[in-house]
Amino acid sequence: MTIEVIPQTMGQQFGRRSWAEPWKIKMVEPIRMTSQADRERAIVEAGYNTFLLRSVDVYIDLLTDSGTSAMSDRQWAGLMLGDEAYAGSVNFYRLEEAIRNYYGYKHVVPTHQGRGAEHLISQAVIKQGDTIPGNMYFTTTRLHQELAGGTFVDVIIDEAHDPSSEHPFKGNIDLDKLQTLIDRVGAEHIPYISLAGTVNMAGGQPVSMANVKALRQLCDRYGIRIYLDATRMAENVFFIQEREPGYADVPIATLLKEFCSYTDGAWMSAKKDHLVNIGGWLAVNDHEVFDKARNMVVIYEGLHTYGGMAGRDMEALAIGIEEAVQDDHMRARIGQVRYLGDLLIDWEIPIVCPVGGHAIFLDAKRIYPHIPQDQFPAQRLAAELYLDSGIRSMERGVVSAGRDPESGEHRYPALELVRLTIPRRVYTQAHMDVTAEAVKAIYDDRERTRGLEMVYEPEYLRFFQARFAPLKD
Ligand code: F0G
């Protein structure tokens, strides 16, 4: 760091010390500015669902951080090293080695993306009637658990459901809730704990090292496995380094491996932490589970040495794994998310606090207290943000939560949020300023905004394809 060589007086003179990204831009992708008329037409065509917008109609795309990151020059160079052999590609072995090195698991099964791995692990270990406890649901994860015959039960700490709680590790599992569940259903009906790093639906909130250690101890008493959703686990350990006593000087790579050592395996959407546009994997220590998953992968994804990825994809992914665990990279990545969060906090706009790893989550319940949850306040807020400035965000509330499979009723989550998700290494600070100002504009106009009605609802993962129409006064 340059900080030591700059004379003290200079720092005092400026009165502040900024951070900057540990990269510079080598190639740019033009984006289209849109007019108010363009946006009005586009949002109506999209049924007020930002998933149904065409990207050409979007100015700043904060729909997701999934597959939207910028690859490095090394990753792009890696694409040229793709070994496209059907079986036994060189790049698969590079990938396998990177996963073993940085995550520490023994056996690796490649998949096309995260949900491919969720499918394999769910089918391999869940039996009809099983219960899967976890730290808040994720949409595709829970659906695969349900399709395999299981029921997901949320055992996250209560603070996770409170957007204003400043708890430093809102992703933690409540061990008392878990114990009560084990006593009720019996350990033999719990195939594994579904533990996620930086819990997406809670606002990108981390799990502490102390929590996973204690979880391991509890699970060992009952012989219950712990499988990790490692999708944003490198981001999770940044918070451990920052907030948990004793870890400040430990590199992210070391913390990641330690955290994983308390678990029995992981599934991964490499489209996030790993800085690639497509890819995923499942990795486990248990040979029997590996054997089942490796057999199934050839039915659903591709041969067990490519799992739906091209050789070049696996090469870029192997390089991305190394880049993801660099401390400087992670500081800048999370620093950018915080920069946006701090602007909104300064303007007293309600967001989930503390700011998490991959996104800012606007609290639609507090922004639109006059819109009842069955009129989809977060869905409306996402549409308004697009209409104002061409910024695309995502609903994470009642629409994402779907319907209860038994009662058929909407599931009403405590959190009714809009996610402004920051792709890695893609946008500048100026894009964050524009975004913050757009949020401020729609916040100032909040009292005039009304809810939506759902006019089309698909059977599975409805948030992707549902259509809405505005309600009038
Ligand atoms: N687990 C988590 C925590 C995720 O955030 C995602 C995807 C998946 C699993 C599934 O992975 O998309 O590669 O099949 N999240 C994306 C998002 C879609 O926008 O948050 P996938």
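Just so it is clear, the structure is predicted and the values come from calculations on it, not from any experiment.

> Can you walk me through helix 15 (residues 377-389) in this structure?
Given 3.6 residues to a turn, an α-helix orients residues that are three or four positions apart in the same direction. With 13 residues, helix 15 ought to run about 18 Å at 1.5 Å a step, and its terminal C-alpha atoms sit 19 Å apart, in line with that. Burial within helix 15 is extensive, with 12 of its 13 residues counted as buried. Residues of helix 15 that are buried: P377, A378, Q379, R380, L381, A382, A383, E384, L385, Y386, L387 and S389. Two residues or fewer after helix 15 comes G390, characterised by a positive phi angle close to 75 degrees.

> Hey, could you run me through the packing of aromatic side chains in this one?
Here a ring pair, both rings aromatic, is described through the centre-centre distance and the interplanar angle of the planes. All chains considered together, the criterion is met by 10 aromatic pairs. Ring geometry for F51 and F463: centres 5.7 Å apart, planes at 55 degrees, overall tilted. One end of the pair, F51, is in the loop between helix 2 (36-45) and strand 1 (60-61); the other, F463, is in the loop between strand 13 (452-456) and strand 14 (467-470), with 412 residues separating them in the sequence. Both residues of the pair, F51 and F463, count as buried. Aromatic pair F238 and F239: ring centres 5.6 Å apart, planes at 85 degrees, arrangement edge-to-face. Across the pair, F239 and F238 agree in class, each one buried. Here the guanidinium or amino end of R142 rests over the ring plane of Y137, the centre of that ring lying 3.8 Å away.

> I'm lost on the domain arrangement of the chain in this one. Help?
Frequently, the measure chosen for interface size is the accessible area removed from exposure when the parts meet. According to the domain assignment, the chain contains domain 1 (17-65 + 327-468) and domain 2 (73-324). Using C-alpha coordinates to define each centre, domain 1 is positioned 25 Å away from domain 2. Contacts between domain 1 and domain 2 engage 35 residues on the former and 42 residues on the latter. For the domain 1 face of the interface with domain 2, the top three residues by lost area are M330, P354 and L415, together amounting to 18%. At the junction of domain 1 with domain 2, the criterion picks out 7 salt bridges. Between domain 1 and domain 2 we count 18 residue pairs in polar contact (both at pLDDT 80 or more) in total. Those elements giving two or more residues to the side of domain 1 that touches domain 2 turn out to be helix 13 (327-346), strand 9 (359-363), helix 16 (398-401) and strand 12 (417-421).

> Honestly, the pairing of strand 3 (residues 131-134) in this entry has me stumped. Any pointers?
For a regular strand, side chains alternate in direction, first toward one face of the sheet and then toward the other. Burial of the side chains of strand 3 extends over both faces: T131 and P133 are buried on one face and I132 and G134 on the other. Assessed by its sense of winding, the connection that carries the chain from strand 3 through helix 6 (residues 139-147) to strand 4 (residues 151-154) is right-handed.

> Can you help me understand the site of the ligand in this one?
In the vicinity of the ligand there are 17 residues, among which R115, D229, S269, K272 and R419 approach most closely. Between the ligand and R115, the relevant distance is 2.7 Å, taken from an oxygen atom to a side-chain nitrogen or oxygen of the residue. Within the side chain of D229, an N or O atom sits 2.6 Å from a nitrogen atom of the ligand. Considering the ligand on its own, with 470 Å² of exposed area, one finds that the protein chains cover 95% of that surface. Taken together, the residues of the shell around the ligand sort by class into 2 nonpolar, 8 polar and 7 charged.

> Please explain the pairing of strand 5 (residues 192-196) as it appears in this structure.
Burial runs high along strand 5: 5 of the 5 residues are buried. Of the two faces of strand 5, the one carrying Y192, S194 and A196 and the one carrying I193 and L195 are both buried. Where strand 5 and strand 6 (residues 225-229) come together, 5 bridges link them in parallel fashion. Within the sheet, the bridge partner assigned to L195 lies in strand 6 and is L228.

> Help me understand the sheet that holds strand 12, please; the structure alone is not making it clear to me.
What holds strands together in a sheet is hydrogen bonding between their backbones, with the strands either parallel or antiparallel. Reading across from one edge, 9-12-11 is the order of the 3 strands in this open sheet, with antiparallel pairing throughout. Only two strands of the sheet have a single partner each, and these edge strands are strand 9 and strand 11 (394-396). On average, adjacent strands in this sheet sit at an angle of 35 degrees to one another, irrespective of strand direction. Where strand 9 lies against strand 12, 5 bridges are found, and the strand directions are antiparallel. Bridged to I360 within strand 12 is L420. Sitting on the sheet, helix 15 touches strand 9, strand 11 and strand 12, and the angle it makes with strand 12 is about 40 degrees.

> Looking at this structure, I do not really get unusual backbone geometry. What am I missing?
What is expected of a backbone is that most residues other than glycine have negative phi and most peptide bonds are trans. Cis geometry marks the peptide bond from C353 to P354, where omega comes out at -15 degrees. Positive phi outside glycine occurs at Y48, with the angle close to 55 degrees. As for its position among the elements, Y48 is in the loop between helix 2 and strand 1. Since its relative accessible area comes to 11%, Y48 is described here as buried. A positive phi is found at L275, a non-glycine position, where the angle reads about 65 degrees. Relative to the helices and strands, L275 resides in the loop between strand 7 (265-269) and strand 8 (280-284).

> Help me understand the nonpolar core in this model?
Most often, soluble globular proteins keep nonpolar side chains buried together rather than apart. Counting residues in hydrophobic clusters, the biggest one holds 57 residues, and the most contacted among them are Y103, I193, L195, L228, F259 and W281. Ranked by the residues each element gives to this core, the list is headed by helix 9 (residues 233-243), at 6 residues. By size, the runner-up hydrophobic cluster in this structure holds 32 residues, among which are L340, V418, L420 and I422.

> Explain the pattern of salt bridges to me, please; I cannot follow it from the model alone.
A side chain with one charge can pair with a side chain of the opposite charge if their charged atoms come near. Under the definition given, this model contains 33 salt bridges. Put simply, E235 and R333 hold a salt bridge, and the shortest N to O gap is 2.6 Å. Of this pair, E235 sits in helix 9 while R333 is found in helix 13, placing the two residues 98 residues apart along the sequence. Of the two residues, E235 and R333, both sit in the buried class. Among the charged side chains, a salt-bridge network with shared partners connects R32, D38, R41, E45 and D57.

Conventions we followed
Residues numbered from 1 in each chain as written. Predicted model: local features only at pLDDT ≥ 70, side-chain atom pairs only at ≥ 80, totals over all residues. Heavy atoms only, no water. Helix = DSSP H or I, 4+ residues; strand = E, 2+ residues; numbered from the N terminus. Expected span 1.5 Å × (residues − 1). Buried < 20%, exposed > 50% of the residue type's maximum accessible area, 1.4 Å probe, protein only. Phe/Tyr/Trp six-rings, centres within 6.5 Å; stacked < 30°, edge-to-face > 60°. Lys NZ or Arg CZ within 6 Å of the ring centre and 35° of its normal. Domains from an automatic or database assignment. Contact = heavy atoms within 4.5 Å. Buried area = accessible area lost by both parts, 1.4 Å probe. Salt bridge = Lys/Arg side-chain N within 4 Å of Asp/Glu carboxyl O. Polar contact = N/O pair within 3.5 Å; in protein donor to acceptor, adjacent residues only side chain to side chain. Right-handed = clockwise from strand over helix to strand, strands pointing away. Near = heavy atom within 4 Å. Areas by Shrake-Rupley, 256 points an atom, 1.4 Å probe, with all protein chains shown as cover. Nonpolar A, V, L, I, M, F, W, Y, C, P; charged D, E, K, R; others polar. Pairing = 2+ DSSP bridges. Axes fitted to C-alpha atoms, helices over the stretch in contact; angles between N-to-C directions. Core = buried A, V, L, I, M, F, W, Y, C linked by side-chain atoms within 4.5 Å.

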